[in-house]
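In case you want the letters, here they are:
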Amino acid sequence: MRLSPEAFDAIRKAVHELCGIVIAEEKHYLVVSRLEPVLTRLGLPSYEAFVQALGRPDATPLRELLIEAITTRETSFNRDGHPFEELRRSILPELSRRLLARRAAPAPSLPRCRIWCAAAATGQEAYSVAMAISDFLASRPGIGLTLGDFPILATDICQGALAIARAGRYSAEEVRRGVSEDQRARYFSPDRDGWFVAEPLRRAVEFRRLNLVLPLPNLGTFDLILCRNLLIYLDDVARRRLCLGLHQALNPSGLLIIGAAESLYGVTDAFATERFGSTIAHRKT
């Protein structure tokens, strides 16, 4: 099935309008590999027919399929390792001190330490954060805090990815990729050829659909936001708008963690960069 330059450009434009992702001109092969199975499944004879169908008033389900097919959902448990190590070692101790100080104030406010995993894909990052919190609390039994004091909001644009995340069931290979034997024993239960995330961790995470390219709704405020490996797919305008929204969603001195290959240079100067071991974080100023 041939993807003409005209149809390719129309699909690139549609993807950008729907979710802000910029498909480079050299990514012709990616569109073919991701969309050809969709066209075959739908019985569409050509990419031109697909583009035409996208423009119809009742095309919302088709647009959802386009987003599902094109968006990259590369993720894994404890991805890149060091951010989760630093959560346990230095970031969570800081967040805990801040939470305890708020509770001890004459007029207590913000009674919990909220964490947001933006672009959470199929949920491995959010559950990795929950495991890090649980590990940290287990190492500080006298701190007087529980997993429920660190509620996690995890959002993604793809309904299919969120369905997997909410189910909390992963293949043996997905669990083997990034989960230590100790974590697997503590936080997973076997299910035929896969593994279920333990119920306490699943209760700690709320999964919600959210398009980060649109104006952000009022989600409340957070002490920590992880928005990793999304900015690289957006254009400059979308990056600036999203970073402004993330900045507004952070509590004073809150932390933003982005991907190791990403930078806020030239995007916003509303954060101060700090190093936590091998992890770079951006503090709200």
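You'll find the structure just up there.
None of the values given here were measured: they were computed from a predicted structure.

Student: Give a detailed account of the pattern of salt bridges, specifying residues and quantitative values.
Tutor: If charged atoms from side chains of opposite charge come close, those side chains can pair. For the structure on display, the rule yields 21 salt bridges. For D236, the salt bridge is made with R239, and the minimal N-O distance between the two is 2.6 Å. Of the two residues, D236 and R239 are both situated in helix α11 (residues 236-249); the distance of 3 residues between them amounts to about one turn of the helix. Linked through salt bridges whose partners overlap, the residues forming this network are E94, R98, R102, D223, E274 and R283.

Student: Outline helix α6 (residues 124-139), listing residues and values.
Tutor: The terminal C-alpha atoms of α6 lie 22 Å apart, and with 16 residues this matches the ideal 22 Å at 1.5 Å per residue to within 8%. Within α6, 14 of the 16 residues are buried, leaving the element largely enclosed by the surrounding structure.

Student: Describe in detail the packing of helix α1 (residues 5-19) against helix α4 (residues 60-70), supporting the description with residues and values.
Tutor: The description of two packed helices rests on the angle between their axes and on the distance between the axes. Between α1 and α4, the shortest axis-to-axis distance is 10 Å and the interhelical angle comes to 95 degrees. If you check the angle between α1 and α4, you find them roughly perpendicular. Two secondary-structure elements touch here, α1 through I11, A14, V15 and L18 and α4 through R63, L66, I67 and I70. Per-class residue counts for the contact of α1 with α4 are 7 nonpolar, no polar and 1 charged.

Student: So what's going on with the environment of V267? Which residues, and what values?
Tutor: Locating V267 in the fold gives a position in the loop between β8 (250-258) and β9 (271-276). The class for V267 is buried, based on a relative accessible area of 15%. Separated by 240 residues in the primary sequence, V267 and K27 have C-alpha atoms spaced 25 Å apart. Filtering out sequence-adjacent residues up to four positions away, V267 remains in contact with R239, R240 and C243.

Rules behind the numbers
- Residues numbered from 1 in each chain as written.
- Predicted model: local features only at pLDDT ≥ 70, side-chain atom pairs only at ≥ 80, totals over all residues.
- Heavy atoms only, no water.
- Salt bridge = Lys/Arg side-chain N within 4 Å of Asp/Glu carboxyl O.
- Helix = DSSP H or I, 4+ residues; strand = E, 2+ residues; numbered from the N terminus.
- Expected span 1.5 Å × (residues − 1).
- Buried < 20%, exposed > 50% of the residue type's maximum accessible area, 1.4 Å probe, protein only.
- Axes fitted to C-alpha atoms, helices over the stretch in contact; angles between N-to-C directions.
- Parallel < 35°, antiparallel > 145°, perpendicular 65-115°, else oblique.
- Contact = heavy atoms within 4.5 Å.
- Nonpolar A, V, L, I, M, F, W, Y, C, P; charged D, E, K, R; others polar.

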